[in-house]
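Listed below, chain by chain, are the residues.
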Amino acid sequence: MISAPTGSPHARILGVGGYRPRRVVPNSEIVDLIDSSDEWIRTRSGIVERRRAGEDETVQMMSVAASRKALDHAGIGIDQIDCVVVATVSHLRQTPAVAALIADELGADHPAAFDISAACAGFCHGIAMANDMVRGGSAQNVLVIGVERLLDITDPHDRGTAFIFADGAGAAVVGPSDEPGIGPVVWGSDGDKADMIQTPDWFDAIEAKETPWLTMDGNPVFRWAAFAMAKVGQEALEKAGITADQLDCFVPHQANMRIVDALARSMKLPGSVKIARDIATMGNTSAASVPLALERMIEEGQAKSGEIALLIAFGAGLVYAAQVVVVP
Ligand SMILES: CC(C)(COP(=O)(O)OP(=O)(O)OC[C@H]1O[C@@H](n2cnc3c(N)ncnc32)[C@H](O)[C@@H]1OP(=O)(O)O)[C@@H](O)C(=O)NCCC(=O)NCCS
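Residues numbered from 1 in each chain as written. Predicted model: local features only at pLDDT ≥ 70, side-chain atom pairs only at ≥ 80, totals over all residues. Heavy atoms only, no water.

Draft legend 1. Up close: the pairing of strand β7 (residues 167–177). The buried count for β7 comes to 10 of 11 residues, which makes it a mostly enclosed element. In the sheet, strand β6 (residues 142–149) pairs with β7 via eight bridges, with the strands oriented antiparallel. Pairing of V142 across the sheet is with V174, part of β7. (Buried < 20%, exposed > 50% of the residue type's maximum accessible area, 1.4 Å probe, protein only. Helix = DSSP H or I, 4+ residues; strand = E, 2+ residues; numbered from the N terminus. Pairing = 2+ DSSP bridges.)

Draft legend 2. Quick peek at the environment of A65. Locating A65 in the fold gives a position in helix α2 (residues 59–74). A relative accessible area of 25% places A65 in the partly exposed class.

Draft legend 3. Local environment of the site of the ligand. Near the ligand lie 22 residues; those nearest to it are S36, R44, G218, N219 and N256. Contact distances for the ligand include 2.6 Å between an oxygen atom and a side-chain N or O atom of R44. Contact distances for the ligand include 2.6 Å between an oxygen atom and a side-chain N or O atom of N256. Notes on the ligand: free accessible area 950 Å², of which the protein chains cover 71%. Elements with a contribution of two residues or more to the shell around the ligand: α1 (38–45), α6 (218–240), α7 (257–266) and β13 (308–315). The residue inventory of the shell around the ligand, partitioned by class, reads 12 nonpolar, seven polar and three charged. (Near = heavy atom within 4 Å. Polar contact = N/O pair within 3.5 Å; in protein donor to acceptor, adjacent residues only side chain to side chain. Areas by Shrake-Rupley, 256 points an atom, 1.4 Å probe, with all protein chains shown as cover. Nonpolar A, V, L, I, M, F, W, Y, C, P; charged D, E, K, R; others polar.)

Draft legend 4. Inspection of the pattern of salt bridges at higher detail. Counted under the stated rule, the structure contains 17 salt bridges. We note a salt bridge from R149 to D152, for which the minimum N-O separation is 2.7 Å. Among the residues examined, R149 registers a relative accessible area of 12% and is labelled buried. Between R296 and E300 there is a salt bridge whose closest N-O contact spans 3.9 Å. (Salt bridge = Lys/Arg side-chain N within 4 Å of Asp/Glu carboxyl O.)

Listed below in structure tokens is the structure:
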């Protein structure tokens, strides 16, 4: 018989950190290229401005900055990290995994390091995996990063995506805990809707001499997110053994302010629940959106340590993941 790994009875998020690119891009800078208006963008999406990465603000650079903040917040040294998981769809280098480069730049002690592709839901997938790793014994502390530089794959002339997608990084440290700090994940995929958000096959794009821009069929995605995801959020609450009135914070993926509101309505969240609205100033940063929104709520004193938050994210695949967590 071989020995089985043994981990901590429970895990929790010990700290979070974010990186917001320096350049603020208001709607007025975008509207001419897509024949739109500030008012249309605000009323249809809730976005007022977003951040766009400069040349030096690479996926790696933004991830390292967010990770340092998360490690500080957690009070954990980089040498205590056994695994680095990076969720991204915009690191435009197939291999090696950017996680290994980030771990090296941070000065980590040879941790496991790999990337995952679950689009806007990637961070919540990473948190679910980290929870299982800590509890299962394959890692003691895990660094989970959600990062995007979507400007590289977003067509500035595309009316359906140019005003939505933006750049940034968010990170969290997950480690052992005496009490449950991360509830059961509710996750899944609807692969029959794969063509709703996608980039083209690289070889097809090269042959056609076209940039492999991200495309999105916004309206069906909107309807899917606003209706199907409320059920997923509800199930995450049930699996964590809590009801909506026991929830303190709601941190959904920042895809569209109207989706945020529709989810809160469908889930009948009481008015006392504090809702993340980071999209107004950050746009949709895909895998970075949930950790950035959570970080802002903590920094602004809206989310307090020990409170209970529901995270839910969804995106290309289509894929989704939700879990209840204790705020670090
Ligand atoms: C993209 C999105 C904001 C568009 O809003 P919408 O209400 O669905 O808009 P529609 O595509 O139905 O278009 C409505 C009208 O606005 C027009 N329009 C579309 N894009 C526009 C733009 N950027 N500026 C101005 N007008 C625009 C359309 O031409 C259409 O005009 P018509 O009524 O005269 O035909 C919305 O679909 C959305 O947020 N989708 C989900 C995005 C998302 O969650 N993505 C990420 C998942 S990870």
